[in-house]
Amino acid sequence: QVQLVDSGGGLVQPEGSLRLSCVASRSINGIYVMGWYRQTPDNERELVAVKISGGGSTTYADFAKGRFTISRDNAKNTMYLQMNNLKPEDTAVYYCNVRYGPVNIWGQGTQVTVSS
C-alpha cells in the first residue's frame, strides 16, 4: 500500500506564501486522483484542490482559486500545493490524499498557521 508523507507547513504572515509537499512511497500506475484537503478543529475536512492523473482535470475550492496551485513531479513521486497570498482563515491542518480504485490514502497532515 502506498504511504504518503506531507510536509511544508509552518507559521507565515498574512500575504505570505508556503509550499506543501506530499511524497508517496512509490509510484502509482493507472488513473488516480490526488488532492489536498484541510481541517480546523471546529470544521469538517474540506477540499482545497484535486487533480486527476494523466492530464485530467483540476478542481479548486472557491477560496483557493487564484491563490493556490496543485502540481506534481512524477519523477519524485511528489505532489505540491503552492499557496500564495495566505490569509488568517487559511489556518488549518492540511492533508494530502490519493485515491485509486477502492484505495483512499491520507498523509498525516501538516499545520499551516497564518498570523502576524
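For clarity, every value in this text was computed on a predicted model and none was experimentally measured.

### Quick word on unusual backbone geometry
1) Next: Of note in this structure, Glu15 is not a glycine but carries a positive phi near 75°.
2) Next: Positionally, Glu15 belongs in the loop between strand 2 (10-12) and strand 3 (18-24).

### Details of the packing of aromatic side chains
The geometry of two aromatic rings is summed up by the distance between their centres and the angle between their planes.
1) Next: Under the counting rule described, the total for this entry stands at three aromatic pairs.
2) Next: Seen from their ring centres, Tyr95 and Trp106 are 6.4 Å apart, and the 90° between their planes marks the pair as edge-to-face. Highlighted residues: Tyr95 in strand 9 (residues 92-100) and Trp106 in strand 10 (residues 103-106), separated in sequence by eleven residues.
3) Next: Trp106 gets classed as partly exposed once you look at its relative accessible area, which sits at 32%.
4) Next: Taken together, the ring pairs connect Tyr37, Tyr95 and Trp106 into an aromatic cluster.

Criteria and cut-off values
- Residues numbered from 1 in each chain as written.
- Predicted model: local features only at pLDDT ≥ 70, side-chain atom pairs only at ≥ 80, totals over all residues.
- Heavy atoms only, no water.
- Helix = DSSP H or I, 4+ residues; strand = E, 2+ residues; numbered from the N terminus.
- Phe/Tyr/Trp six-rings, centres within 6.5 Å; stacked < 30°, edge-to-face > 60°.
- Buried < 20%, exposed > 50% of the residue type's maximum accessible area, 1.4 Å probe, protein only.

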